[in-house]
Amino acid sequence: MEVEKEPLIITDKNEMRQWSRTMRAQGKTIGLVPTMGYLHEGHISLIRESHTHTHLTVVSIYVNPGQFSPSEDLSTYPSDFKGDIDKLKSVPGGVDVVFHPYNLYDYGGGGVEREVRREKEVGGAVVSCVEERGVGHETWVRVEKLEKGMCGKSRPVFFRGVATVVAKLFNVVEPDVALFGKKDYQQWRIIRRMVRDLDFSIEVIGSEIVRDVDGLAMSSRNVHLSPEEREKALSINQSLSKAKLAAEKGQVNCRELKDSVIQAVREAGGRIDYAEIVDQESLEAVEVIKGPVVFCVAAWFGKGKRREGDAVLDGDGKNQVRTYPILIVAVLSPHLKTLTLIFSPTVSFAHVQGFPSSSTYIAAPDVIPSHTKLHLRGNLVSNGCFLPHLVNVRIQRSSCQSLRVVRFSSGDACKFNSLCMVFPKVNPCAKDGSMRCYCLGTLINTNGATFSEWVPVVDQGLLMASIFLTYMAGVIPARKLLSSSRNRISLGDTLSGDALLSGRAAENDNEEAKLKLPWEIVEEKLMDALNDVEQRHKMGTGFKFEQDLSKRPLSLYAVDEGPRFRLLWASFQWLKKEAGTVDNVSAMSASVSRNDWSTVLSEVLQKSCQPVCVAWLEQELCLKSSIPDKELLSTIVEKLTGEATILQNVINSGKEDLYSELAQFLIFGSLREGCCYDCSLFTQYGVDILEDLVITLADAIASLYLELISVDGNMSNEINSIGLMMCTLSTRELQKLRNEVALNQWLHQNMEAVVSMYEDRFDLRTLQSQLIEGPSKTNTDNFSWWKRLTRMKSDSVASPLHYVVINDISIMVKRTKELRALTGWRYYYSLFLELADITMPVIRTVFKKVSDAISFFLVCLIGRSLGLIYTGIRQSLQWK
Ligand SMILES: Nc1ncnc2c1ncn2[C@@H]1O[C@H](COP(=O)(O)OP(=O)(O)OP(=O)(O)O)[C@@H](O)[C@H]1O
Ligand SMILES: CC(C)(CO)[C@@H](O)C(=O)[O-]
Ligand code: BAL
């Protein structure tokens, strides 16, 4: 069962912006769904759409006075904030923030009330409720051409207000993606144009109309409609459906199409505001349908109500209803050699998102270049028939002059008007071979329209050639082969030959095949890192890519770059090898190891300390002197007593389950029954979680090693004497780092980890690989690193290297289970968070009310004092 997610409610602009910036700094993307509240399924569909594009979703609820003129229905616009929050809580996947500002036009300066002159300016009345209230806001965004027609005619301030408030919301929320309903088609187009023209770096997505069962588009203002009015209003949708049918039969004359709708609406008792067939992009009225068009209708119905885009507006006394179903969508461009026909839904039939159950229309332009290739894409389900995802059709026309509206219905043979179009007939049962083109009428002859088997082959050939050429030009970096890097670094052997380890060869082909992707990706990254360190060492450049210490510190940072990656490597190899061992065990007793997998992981981690440490130190000793000092090695190993620390670190981080599920997933390729995480988590973030596990293990070992050399003076001397200096930090720096790590660990464990459980995320550490040009052999040591990097860029002969740093990321996962299992200090902190979340809105409201009251009191006081002073002066001067 889906757990309800409580959205965070933010009312303050700065707090909202701060939240977004914090999230973006953590690598999250944000989707914004602007609304005016009184939410319904149409809004929820936008939220669902947002989930498919971004990590986080912000819903703004704000009834914008800027888009209402004083004679419109601002005061009666429906609202139910509590009900909205309840609805949002039950949306699957939830909403992260509800941005609910009190007044977006309040700039804190105490705007002066002024008398508003309701004058008319060129283009209509320009007074909105914002000006009327005289709050001092005077900057407006206008999308000059698009806002003129249709709704813009009867609501002259509407689009100016919408564009402005949306621009404000974009600046406050700073989203990556914004979602709007195509129900308000003109609004959606206007926002897209504004985003393009003002260079907002935001993707604007239009979502299909969601309708009630009776076919009426959902709308907040529908609440104002009586059942009778609702019934009558359906005439718009019904008449549009008929117009659609007429177009389907070949009617391309817009006048006639419009007349039929106007007549039907009037007969139902409505008064037309406008009925326009407009170009999809420019929204300019068209007379003959030749390209993508939208049929927009607005009409007045009922008592005191007016509908717009299937929405009800109230309050201007016109007693009307209007609506905007959309008739025809097609994509055909005469300029292109290759035409892509995307079967978009004819929105008036789009009960659900996706394709309509009825036909799709294609309005073709007058002139299609000859030898045009059509790619027909999409899974169009129509009359029980299915169009395969890609059909290539080559049209060769001899005398084709004009193509008009065509019905695409793959079930029966296509029906055309006298002017025609090519259609492949698709038989769902036959996989291939049945694809044929039907050419009717005079424009295209059957011989000319042939389905070309060669097109995909030629495409593939061209693709291969272009890949080859790009490769030759060096645009695709040559990746070194795994085996060759292995030879260069030759670390695998060190581990596999070691008696302390499990005795199995670390590299088993079978295992590799099973554990392929995440293991290989991490392995390759580590090899790249080692290779890079080695190359830089050889070239004697001496510069390092230091970690950003402002991030969460790690003991690993105290260890030099080379040894650090070799320790990560040793940890990785150990885990990989152990995974292979467990796999074998599981083959014998799969059910046991599946159920007890978390115990298995604990054991693996617990016993990892010594072998990993040995493998690592041995490697380091080998690099210093050819024969490792076995005696020193065994002394070090004897003194390393931290098995429990590693496991404890994992438990404290709250990732025990995550790691064991990952291990289960990597080994068995599936999740345990009753696993609380989704499989997609591991397919998507498997590499990141594995890297986090490797880093956690290596970090714990680094901390044990540092403890050993800083606590045991003799050991430190002995290590130094053989030149095994893996930590070049001074004693003081080391102490500082260790304290910082310890403090941070405590804070993270008890505070941040609890917060991340609340916010349903895991904070992970991953290996971030970046490509750099290798430095040339010139003396670069005298330059600072950024100068060296610039030099490297200019020395183009160098080969590319990958440097790898440890990076912090967060991934979104439901963590209710861990949250419920909190104990001790972490439990109390979680209670505190819960309390804060409950009380903060109340405290904020009380605070605001009190401060409002104080300012009101002060204003009265000052006003009264001035009045008294004035009266005093008047009396003293003996004025009447
Ligand atoms: N039925 C719907 N299908 C798809 N999107 C919708 C639907 N209704 C509203 N939206 C979209 O939701 C967003 C917020 O709309 P809004 O809060 O104004 O609700 P509304 O139902 O359109 O109200 P109104 O009655 O004022 O038209 C807009 O982008 C709007 O286009
Ligand atoms: C986009 C919008 C939220 C701006 O106030 C409003 O016009 C709406 O809800 O469609
Ligand atoms: N969604 C339309 C908003 C308005 O009519 O004000």
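Per the secondary structure count, the chain includes 27 helices and 23 strands. Looking at the chain alone, contacts between residues at least 24 apart form 73% of all its contacts between residues at least 6 apart. Surface summary for the chain: the accessible area is close to 42,200 Å², and the carbon and sulfur share equals 55%.

This part takes up the pattern of salt bridges. Evaluated as defined, the whole model comprises 32 salt bridges. E174 is the partner of R21 in a salt bridge, and the nearest nitrogen-oxygen pair spans 2.6 Å. Of the two residues, R21 is situated in helix α1 (residues 13-25) and E174 in the loop between α6 (158-173) and β7 (177-181); the sequence distance between them amounts to 153 residues. Through salt bridges with shared partners, a single network forms among E6, K82, D86 and K89.

This paragraph deals with the site of ligand 2. Taken together, P34, T35, M36, N64, Q67, V162, V165, F180 and Q187 are the residues near ligand 2. A distance of 2.7 Å is found between an oxygen atom of ligand 2 and a side-chain nitrogen or oxygen belonging to Q67. In the model, an oxygen atom of ligand 2 is placed 2.8 Å from a nitrogen or oxygen of the Q187 side chain. With the chains in place, 89% of the 290 Å² that ligand 2 exposes on its own is no longer accessible. At the level of secondary structure, the elements contributing two or more residues to the shell around ligand 2 comprise β2 (30-35) and α6. Looking at the shell around ligand 2 residue by residue, the class counts come to five nonpolar, four polar and no charged.

This part is about the sheet that holds β7. Note: strands within a sheet are paired through backbone hydrogen bonds, in either parallel or antiparallel orientation. With respect to topology, six strands assemble into an open sheet ordered β1-β4-β3-β2-β7-β8, the strand pairing being parallel. Of all strands in the sheet, those bounded by a partner on one side alone are β1 (8-10) and β8 (203-207). Shown here is a sheet whose adjacent strand axes are inclined to one another by a mean of 25 degrees, direction ignored. When β1 meets strand β4 (residues 97-99), the two strands line up parallel, connected through three bridges. In the sheet register, I9 faces β4, and the bridge partner there is V98.

This part is about helix α3 (residues 81-89). For α3, the set of buried residues is G83, D84, I85, L88 and K89. The inward-facing, buried residues of α3 abut β1, α2 (41-51), β3 (56-61) and β4.

Non-glycine residue D199 carries a positive phi angle of around 55 degrees. Checked against the element boundaries, D199 lands in the loop between α7 (185-197) and β8. Take D199: its relative accessible area is 66%, and that puts it in the exposed class. For D760, which is not a glycine, the phi torsion comes out positive at approximately 55 degrees.

Two elements in contact, helix α19 (residues 630-639) and helix α23 (residues 713-721), have axes whose closest approach is 12 Å; the angle formed by their N-to-C orientations is 150 degrees. Taken together, the axes of α19 and α23 are roughly antiparallel relative to one another. The handedness of the crossing between α19 and α23 comes out as left-handed. On α23, the residues that touch L632, T635, I636 and K639 of α19 are M715, E718 and I719. When grouped by side-chain class, the residues that make up the contact of α19 with α23 number four nonpolar, one polar and two charged.

Before going further, it helps to spend a moment on the pairing of β8. In terms of burial, β8 is a largely internal element, four of the five residues being buried. The handedness of the β7 to β8 crossover, carried by α7, is right-handed.

On to the nonpolar core, then. Counting 86 residues, the largest nonpolar core has L556, L568, L605, W616, L681, F682 and I689 as its most contacted members. Ranked by the residues each element gives to this core, the list is headed by helix α22 (residues 679-711), at 19 residues.

Across its 28 residues, helix α24 (residues 731-758) extends 39 Å between first and last C-alpha, which sits within 8% of the 40 Å expected from 1.5 Å per residue. Where α24 bends most, at H748, the angle is about 45 degrees.

With that out of the way, let us pick up the packing of aromatic side chains. In total, this model carries 14 aromatic pairs according to the counting rule given. Aromatic pair W746 and W825: ring centres 5.9 Å apart, planes at 25 degrees, arrangement stacked. Of this pair, W746 sits in helix α24 while W825 sits in helix α27 (residues 824-876), and the two are 79 residues apart along the sequence. Of the residues examined, W825 reaches a relative accessible area of 43% and is grouped as partly exposed.

Moving on to the environment of V755. Tracing the chain through its elements places V755 in helix α24. In sequence terms V755 and R826 are 71 residues apart; their C-alpha atoms lie 9.9 Å from each other. Excluding anything up to four places from it in sequence, V755 contacts R761, Y829 and L833.

Once that is clear, we can look at the side chain of Q67. Here Q67 is to be found in the loop between β3 and α3. Of note is the side chain of Q67, whose polar atom sits 2.9 Å from the side chain of N64.

In this section: the confidence of the model for the chain. On average, residues of the chain carry a pLDDT of 71, and 65% of them reach 70 or more. Between the elements of the chain, mean pLDDT differs from a low of 26, seen in strand β21 (residues 436-439), to a high of 98, seen in β2. Within the model, the stretch residues 111-124 combines pLDDT values under 50 with 21 contacts to residues more than four positions away or in other chains. In the model, residues 583-594 has pLDDT below 50 throughout and makes ten contacts with residues more than four positions away in sequence or in other chains. Overall fold confidence for the complex sits at a pTM of 0.44, while the interface term, ipTM, reaches 0.99.

At a closest axis distance of 10 Å, the pairing of helix α18 (residues 609-624) and α22 adopts a crossing angle of 75 degrees. Considering the angle they form, α18 stands roughly perpendicular to α22. Across from C609, V612, C613, W616 and L617 in α18, the residues of α22 making contact are I701, L704 and Y705. Looking at side-chain class alone, the contact of α18 with α22 contains eight nonpolar, no polar and no charged residues.

Within the element layout of this structure, Y803 appears in strand β23 (residues 800-812). Y803 gets classed as buried once you look at its relative accessible area, which sits at 13%. Sequence separation between Y803 and L526 is 277 residues, and the spatial gap between their C-alpha atoms is 9.5 Å.

Rules of the game
- Residues numbered from 1 in each chain as written.
- Chains lettered and ligands numbered in written order.
- Predicted model: local features only at pLDDT ≥ 70, side-chain atom pairs only at ≥ 80, totals over all residues.
- Heavy atoms only, no water.
- Helix = DSSP H or I, 4+ residues; strand = E, 2+ residues; numbered from the N terminus.
- Contact = heavy atoms within 4.5 Å.
- Areas by Shrake-Rupley, 256 points an atom, 1.4 Å probe, with all protein chains shown as cover.
- Salt bridge = Lys/Arg side-chain N within 4 Å of Asp/Glu carboxyl O.
- Near = heavy atom within 4 Å.
- Polar contact = N/O pair within 3.5 Å; in protein donor to acceptor, adjacent residues only side chain to side chain.
- Nonpolar A, V, L, I, M, F, W, Y, C, P; charged D, E, K, R; others polar.
- Pairing = 2+ DSSP bridges.
- Axes fitted to C-alpha atoms, helices over the stretch in contact; angles between N-to-C directions.
- Buried < 20%, exposed > 50% of the residue type's maximum accessible area, 1.4 Å probe, protein only.
- Parallel < 35°, antiparallel > 145°, perpendicular 65-115°, else oblique.
- Left-handed = near helix turned anticlockwise from the far one by under 90°.
- Right-handed = clockwise from strand over helix to strand, strands pointing away.
- Core = buried A, V, L, I, M, F, W, Y, C linked by side-chain atoms within 4.5 Å.
- Expected span 1.5 Å × (residues − 1).
- Bend = angle between axes of the 7 residues up to and from the residue.
- Phe/Tyr/Trp six-rings, centres within 6.5 Å; stacked < 30°, edge-to-face > 60°.
- pLDDT = per-residue confidence, 0-100.

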